[in-house]
Every structure is written in C-alpha cells, then in structure tokens.
Amino acid sequence: MKMKRMKSEVISATIESYLKRRHYQENVVYRKGDQLFYQNGDQTIVTATTECGTSQDNSIIFSAISIDTVAANQAYQRFKKWINTILNEKIKIELLSLLYPIFCHLYLEMLHTGNREAATDFLKTHQNEFINETEKDFLEELSSVFSVQDIELRPLVNAFRTRKYKVDLSESAHICLRQYLTKYGHIILMQIVNTHITIIRKVESPQMDEVPEEKSQRYEASINGHMEQPSGTGVDREMRELQEAIRLIQNNAHQPLRLFTVKNAIENASCGFIAPKMDKLAVGFSTAEIRLWGIGETVLVKTKDKQTCVSSVCDISPFYKFNEQESTVKSEAGAIILRGHTDVVHDLRFIPEVDVLLSVSSDKDMRAWRLNNYSCTAIYSGHNYPIWCMDTSVFNLYIATGSHDRTAKLWSLDRTFPLRIFAGHFLDVNCIKFHPNARYLATGSADKTIRLWSKDDGNLLRVYVGAQSTIYTLAFSPDGKYLAASGDDKSISIWDLATNGLLTELKGHKDTVMNVDWSLDGQYIASASLDGIVRLWPTQDFIKTLNGGSSSAVSQSEASQIYPTYCSSILSLNYYKKNNSLICIGTK
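What counts and how
- Every chain's residues receive numbers from 1 upward, in the order its sequence appears when written.
- Only residues with pLDDT of at least 70 get local features here, since the model is predicted, and only at 80 or more are side-chain atom pairs given and counted; chain-wide, interface and lining totals rely on the full set of residues.
- Excluded from the side-chain calculation are hydrogens and water; included are all heavy atoms of the structure.
- Under the scheme used here, helices are H or I runs from DSSP no shorter than 4 residues and strands are E runs no shorter than 2 residues, and both carry numbers assigned from the N terminus.
- Multiplying 1.5 Å by the residue count of a helix minus one yields the expected span of that helix.
- Buried, partly exposed and exposed residues are distinguished by accessible area as a fraction of the type maximum, computed with a 1.4 Å probe on protein chains only: under 20%, between the cut-offs, and over 50%, respectively.
- When two rings of Phe, Tyr or Trp (its six-membered ring) have centres within 6.5 Å they constitute a pair, described as stacked for plane angles under 30 degrees, edge-to-face for angles over 60, and tilted for the intermediate range.
- Each nonpolar core is a collection of buried residues, namely Ala, Val, Leu, Ile, Met, Phe, Trp, Tyr and Cys, held together in the definition by side-chain atoms within 4.5 Å.
- Only heavy atoms enter the contact rule, under which two residues are in contact if any of them lie within 4.5 Å.
- Each pair of strands is called paired provided DSSP finds at least two bridges between the two strands.
- Fitted lines through C-alpha atoms serve as axes, helices being fitted only where they are in contact, and the angles separating the N-to-C directions of these axes extend from 0 to 180 degrees.
- For this classification, under 35 degrees means roughly parallel, over 145 means roughly antiparallel, 65 to 115 means roughly perpendicular, and everything else is oblique.
- A side-chain nitrogen of Lys or Arg and a carboxyl oxygen of Asp or Glu constitute a salt bridge if their distance falls within 4 Å.

Student: I'm lost on helix α5 (residues 99-112) in this one. Help?
Tutor: In an α-helix, one turn spans 3.6 residues, which is why side chains three or four residues apart end up on the same side. With 14 residues, α5 should cover 20 Å at 1.5 Å per step; its first-to-last C-alpha distance of 20 Å lies within 8% of that length. By the criterion of burial, α5 is predominantly enclosed, with 13 of the 14 residues buried.

Student: Is there a simple way to explain the packing of aromatic side chains in this structure?
Tutor: Here a ring pair, both rings aromatic, is described through the centre-centre distance and the interplanar angle of the planes. Under the definition given, this model contains 17 aromatic pairs. With centroids separated by 5.3 Å and ring planes inclined at 35 degrees, the aromatic side chains of Phe103 and Phe130 adopt a geometry described as tilted. Of the two residues, Phe103 sits in helix α5 while Phe130 sits in the loop between α6 (116-126) and α7 (133-142), which places them 27 residues apart along the sequence. Judged by centre distance (4.8 Å) and plane angle (40 degrees), the ring pair of Phe138 and Phe160 falls under tilted.

Student: Got a minute to help me understand the nonpolar core in this structure?
Tutor: Within soluble globular proteins, side chains that are nonpolar tend to cluster in buried spots. With 43 residues, the main nonpolar core has Phe79, Leu95, Leu98, Ile102 and Leu108 as its most contacted residues. Tallying contributions element by element places α5 first for this core, with 10 residues. Other than its neighbours up to four places away in sequence, Leu98 contacts Phe79, Val167, Leu169, Leu177 and Ile197. Counting residues in hydrophobic clusters, the runner-up holds 32 residues, among them Ala265, Ala269, Met278 and Ile290.

Student: Would you mind showing me how to read unusual backbone geometry here?
Tutor: What is expected of a backbone is that most residues other than glycine have negative phi and most peptide bonds are trans. We note that Ala288 has phi near 80 degrees; this positive angle belongs to a residue other than glycine. Residues other than glycine seldom take positive phi values, yet Lys490 does so here, at roughly 70 degrees. Considering the arrangement of structural elements, one finds Lys490 in the loop between β22 (482-487) and β23 (491-496).

Student: What should I look at first to understand the sheet that holds strand β13 (residues 387-392) in this one?
Tutor: Where strands meet in a sheet, backbone hydrogen bonds hold them as pairs that are either parallel or antiparallel. Taken together, the four strands give an open sheet; going across it, the order is β13-β14-β15-β16, and neighbouring strands pair in antiparallel fashion. Here the strands that pair on one side only, and so sit at the sheet edges, are β13 and β16 (420-423). Neighbour to neighbour, the strand axes of the sheet diverge by 20 degrees on average, direction disregarded. With four bridges connecting them, strand β14 (residues 399-403) and strand β15 (residues 407-411) associate as antiparallel partners.

Student: What am I meant to see in the packing of α7 against helix α9 (residues 155-162) here?
Tutor: To characterise two packed helices, one gives the angle between the axes of the helices and the distance between these axes. Remark: α7 packs on α9, axes separated minimally by 10 Å, with the N-to-C direction vectors making an angle of 105 degrees. In terms of their interaxial angle, α7 and α9 are classed as roughly perpendicular. Between α7, through Phe138, Glu141 and Leu142, and α9, the contact on the second element is made entirely by Leu156, Val157 and Phe160.

Student: Could you clarify how one ought to interpret the pattern of salt bridges in this entry?
Tutor: For side chains bearing opposite charge, pairing can occur when the charged atoms are close. Applying the stated rule across the entire model yields 14 salt bridges. The salt bridge partner of Arg339 is Glu289, with a shortest N-O separation of 3.0 Å. Of the two residues, Arg339 sits in strand β8 (residues 336-339) while Glu289 sits in strand β6 (residues 289-294), which places them 50 residues apart along the sequence. Given a relative accessible area of 34%, Arg339 falls into the partly exposed group. We note a salt bridge from Asp391 to Arg349, for which the minimum N-O separation is 3.8 Å.

Rendered as structure tokens:
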C-alpha cells in the first residue's frame, strides 16, 4: 500500500522537527492531517519470540536463601542456641538484640525468593519468642505480608526493608559475634548482617557517679518504626545520627537529580552526554564544534606532540585526513575543542572500551574521536540527510543512527559503512533505542509511529500507532518488557511488548517531552520537557494497571516528583550505573 502525502504537510513536519531540535519555542502549532498506518500479518509473526526474549526468565535474582530455606531456618536456630549458651549475661543480652532484625529479614528474604509457605511456617514457629510490645506489633504487620508487592504497599515494612537496623554492641560482644561468624557463620546470616544491620560498637568507659536524665531517654524511635537499642548520649548520639544521615545519602538507590549546566550557550548548545564513568562531559554545538570537560578530579590535557597509538580497522585512511594539528584546540575555559564536523552536532556517545567518542551531525556523517589524543579517527558515511540521533547496544558492540532521510542504520566501529538499513518510516527518524538484549531496536518518528525492528535481519516486527504527534524520545525498561515513548503530545506512553498494547499514559508535563529514561532497577521513569521541568514517575502506577487495575491512564500530575531545573533547554537526561544516578545536562 502506497501512501500519498501532501507536500505542505511534509514541509510543516520538517519545520516543526527543526524548531524542536534547536529548542525554539514555536509560535505556530503545525497540525498534520490524520494518517492511516497499518501492519500486516508478516509484521507480527514473531510475537512469541519477542515475548520469550523479554520474559522474566532471563533475569537473575541473587539470594543465599534461594538455594535452601531449611538451611536458613537451621542457621537461625543454631545462632539463637549459641547465644543462649553464653555465660556472661551482659554479652548475652546484647547479642540477643540481633535476633529480632535477623528473624524479620530472614522472613522477608524467603518471600523475596518465592518461598511463601516456608516463610509463613518460619514466622509462625518463632514469632512468639519476641515479647516486646513494639516488636509484637511489627510482627503482626509482618504476618500480613505475603509477597514483594505487599512489602512495597506497607510503608512500615518497606522502611524496615530498605533501611538498616541499628544495634549497639560492646567491644566484647562484637568480638564474640565475629568469632562465631568466622567459625560457624552461614552465608545467610552474614548476608543479612552486612546488608541490613548497622552494628554500633560502644566505647566501654568507667561508670560515672552522676547519671543525668539521659537515662530516661535511652530508648528512642528509630527509622524502622520500632524502639532503638540504647544509643549513648550527647555528642555520641549526634555523631551517630550524622553518620546515619550520610550513609542514607550514599547508599540511596535513587540519588537526587544531579544537574550540569552549560552557561552562555543557550542558542548554540545542541546536545550533551556524560561518560559512563562520569569523568567527562561532552557537549555538541550548532557551530559544528564538540567541547570536552573533565568532571570532578579529572583534568583533560591537550598534548602538543602527536601521541602514537595502535591503529584500528576504523582508522581513516591518509586520503581523508585533514589538518590534524588544527582539529583540536583548548579553550580559555579549559575545554578540549574537537573540530571536524561541518554542521550542527546532534548527538554524542562514549565508547569506554576503546576510549572513543562518537558524534553525529547535520553534515550526514558520524565521526569517531580518540580520547587519548583527541583526533578524529574515523568517518562513517551512509546517510543522505542530517543524522538526528544515535544509540549504542549493550557492551557497545553496535551503533544505531536515525536520520532526516527517514531511515535508521546499524553500524560497528570496524566498518565505515552501514551493516543494515531499517526503512519504513514516512518522515524523520527522531529517536532510536536498542532493546536491553540487543536483538531489537526501536525507532520513533515524526510520522507519529514507533517501530520495532530485528537487529539481525532488519525486518520490521511491530508498528505501534496511536500517538497524537511527533515522537522525540524512547526508553526500554531494564527487563525489556516495556517501551516508553513521548514527544509533542506531552504525555509518556508505556507499551507492553508482550501484548503489543498500550499499557498506560503518564500525563503532567505542560510542554513537549524531549527526554525519557528508565532507572536501572526499573522503579522510576524520568522525563524532561522543553520548559526545563524534570519529572520522576514511580512505575508502580502502571504495574498495578497491568495486574488488573481499574484505570489505564495515570493522569494525576501529583503522581510524579517535580524538579524545576530553570534551564533554557535540556540537552540530555540519563540514568547512570554509579548509584543509579539521574544526570541532567542543560543550558543557561
């Protein structure tokens, strides 16, 4: 079926895409005519294969208890029996305070690995051993928790699970515990102690004659919702509270939004990216330059002498080499300037395995820059029009690009020509994303469709229709089950790859959404719009829908956390493996 398009409609779509990419606030809303898209039977025959490739069977859950719940029960009883045989009453009482948190976390670990019956039996057998009222109340709450989802729905249990339980031990008690774990300790106990318990070693000092009223305050409510063990007084307590606050910030799975701003570049900066090690920042400009800055303690040095390096297959031939001594300059602000492109730089990616930076431009080329001497080492040509976007697969084995020529192309560093061409869109390919298993890639276009392709043979697998406007950004969930897409319609659509259906829509942005990314643990979706607003969406909102919720859309903007960046434009928004950090790059 061949589709006819009005010439004015194509022109309007092209102008609209150009204005968005240059971060201009448009005064005219271009409305495209209704378009009909279709997919035939051949495009959906791999549904079972895709579902298998993105299934939960491919995920790995590490837990010491997943092997043997009987061993977990035996390790707990052996530990309890050992404590009761200690003759020193003071040390025995201190070590007994460890039983409660170990018992609770053993139960939750059994649930986490899917052993509900064993967990329930374990709880019923031992819960009567704890007689403290606060502990009994919490265990009653715990007795109604039967799954990982139940943990997340109960704030008290979730706080207990995600925050460490503090236990005070004297030096003598700590030595006894260490000796036991060294000789008899099971990996189950050591895993729980290391992961979920903070042991505070008390300094033993001579008893003072005067004991102030601090004694009546020896117990205080802790972060876990139960009574904390004796925690010292005065400066000691304040220091521990400070250390606990620092630990929570350092160990928090979701670090607060970190914002990098490029000043005096509102009109010129076109894209930005940070290296996976978070030690370098690269920004592309409409002047065709790329600027590199070191982050933190990293200092970039431009050597005067040409460095020798091992040549690679992708190194450009002497025929293409231009005046290399003028291709890189160091600016007054300390940035390394890479020059070689002849038009606007639209996207960047770091390849740490070979210490290379990739860039795509309106000059129709992709370039590779060696970061050891900041020289252009290869030029990849194949597109007929400006290249808007790029992405790299897992382990950076492949690169994919999307272009104004309505195609996407697959590349590898050792070939300067495309390995595969993905053709089918009717307008610009604005965004491209590899599936986590690297077998598929998705493209989003100005034609309002999202297409899923097979990387190996270039076949079109699926077409997702229903978007009301241009698609500018895509993101797969870490487990590969869902695909998030957004653009001019200001909402984020979540597609279920297994059922090929629209799962939900996240609504709240007031302007075009240009960036979307999924946290590495799958708990949050981050999005950024042209007005400089970053939103953080908890994924539980649409997971409930999948599990039989009544609504198919999350329209309440209150469901997300809002971060005003006050940036004129946002160049990128990505999660990084280091502390699952959310990094935003903007201009002011």
